[in-house]
Amino acid sequence: MKKKVLKTVAILLLAAGGFSSCGKDNNSVGAKEAIEAKGKDEGGNVPYSENPVIIDTVNSIEFIFSLLNKDGEPSTTFNEGENFSFYFKCTNLNVNNELRYTNSFLSDLLYDGFCRIISQQNDTIGYPCTSGFGTDNMVYYPFYGENNSYEIIISWNDSRERWIALSKYYENLRRDNLLKGKYYTGFTHVFRFSPEPEKYTAIPVSFKINFEIK
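### Focus on unusual backbone geometry
Alright, step 1. The phi torsion at N122 lies on the positive side, around 65 degrees, for a residue other than glycine.
Alright, step 2. Note that N122 resides in the loop between β9 (117-119) and β10 (124-126).
Alright, step 3. Take N122: its relative accessible area is 54%, and that puts it in the exposed class.
Alright, step 4. Even without glycine at this site, L166 takes up a positive phi of about 55 degrees.

### Some remarks on the packing of aromatic side chains
Alright, step 1. Counted according to the given criterion, the structure contains 26 aromatic pairs.
Alright, step 2. Plain terms: the ring middles of F84 and F211 are 5.7 Å apart, the flat faces sit at 50 degrees to each other, and that makes the pair tilted. With F84 in the loop between β6 (77-78) and β7 (85-92) and F211 in strand β17 (residues 199-213), this pair connects stretches of sequence that are 127 residues apart. When sorted by exposure, F84 lands in the same class as F211, which is buried.
Alright, step 3. With a centroid separation of 6.5 Å and 40 degrees between ring planes, the pair formed by F105 and F193 is classed as tilted. Pair noted here: F105 is in helix α1 (residues 105-111) and F193 is in strand β16 (residues 181-196), with a separation of 88 residues, a long-range link.

### Notes on the pattern of salt bridges
Alright, step 1. Summed over all chains, the structure comprises 4 salt bridges.
Alright, step 2. When the shortest N-O distance is used, the salt bridge between D158 and R160 registers 3.0 Å.
Alright, step 3. We classify D158 as buried; its relative accessible area is 10%.
Alright, step 4. Under the relative-accessibility criterion, R160 is labelled partly exposed at 31%.

### Observations regarding the confidence of the model for the protein
Alright, step 1. Averaged over all residues, the pLDDT of the protein equals 78, while 74% of them reach at least 70.
Alright, step 2. Note on residues 1-48: pLDDT under 50 across the span, and 130 contacts to partners over four residues away in sequence or across chains.

### So, the nonpolar core
In summary, soluble globular proteins display a tendency toward joint burial of nonpolar side chains.
Alright, step 1. Ranked by size, the top nonpolar core spans 43 residues in total, and within it F63, F88, F105, F114 and F193 carry the most contacts.
Alright, step 2. Counting residues per element, this core draws most heavily on β17, which supplies 6 residues.
Alright, step 3. The contacts of F193, once residues within four sequence positions are left out, are I61, F63, C90, L99, R100, Y101, F105, F143, K199, Y200, T201 and I203.
Alright, step 4. In terms of nonpolar packing, the next biggest core, distinct from the first, is built from 6 residues, V53, I55, I64 and Y87 among them.

### Concerning the pairing of β16
Alright, step 1. The sheet contact formed by β9 and β16 spans 3 bridges and is antiparallel. Bridging from a neighbouring strand, I117 pairs with T185 of β16.
Alright, step 2. As paired strands, β16 and β17 are joined by 14 bridges and run antiparallel to one another. Within β17, the position partnered with K182 by the bridge is E212.

### A look at the side chain of S194
Alright, step 1. Residue placement: S194 occurs in strand β16.
Alright, step 2. A residue is classified by how much of its surface remains accessible, and S194, at 1% relative accessible area, is buried.
Alright, step 3. Ignoring anything within four residues of it in the chain, the contact list for S194 reads E98, L99, R100, Y140, K199 and Y200.

Rules and cut-offs
Residues numbered from 1 in each chain as written. Predicted model: local features only at pLDDT ≥ 70, side-chain atom pairs only at ≥ 80, totals over all residues. Heavy atoms only, no water. Helix = DSSP H or I, 4+ residues; strand = E, 2+ residues; numbered from the N terminus. Buried < 20%, exposed > 50% of the residue type's maximum accessible area, 1.4 Å probe, protein only. Phe/Tyr/Trp six-rings, centres within 6.5 Å; stacked < 30°, edge-to-face > 60°. Salt bridge = Lys/Arg side-chain N within 4 Å of Asp/Glu carboxyl O. pLDDT = per-residue confidence, 0-100. Contact = heavy atoms within 4.5 Å. Core = buried A, V, L, I, M, F, W, Y, C linked by side-chain atoms within 4.5 Å. Pairing = 2+ DSSP bridges.

Now the structure itself:
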């Protein structure tokens, strides 16, 4: 496992808020990373960072986790009342590995803690949204070639009541702005990428980021 923490990163977004993907459900949101310097987690521990972006590469799958400010820039410090977003992207770096993911990708990620906020006193604040209804049929999406990456952006405060991604609906929980204080967000999840139906490559990944509302 190769873990890298970005020290200087600029993610340029075409639009912010909600879900987006670089694959099946492309909603016109894209990102470009300009990486000037990288560090490593020497202890092999869960990535735990005051820096705004963490990268973890496992079995040629690159995972990026970050918080974005109202301008779509990576940050761990936000003004009171400022909206911010959770950013996640995974990329298949192996051009010869024709992997796929299913329509439960986002709902499974939320279930395991993606977008959950917890105070430094370990009080759970909650999530900005919840999984709604959708098709019960398993649908596979390509995770290779021109569709070798999948990107997610979820705002803490979203203007929409409900939206759809990967054939499933998600509902806004209308969260209040966070009070001044220190918080963290993170998740542990086993990603299951499928080279063919009923066969999976399991990749466990964990992230944790501290942030502050001033």
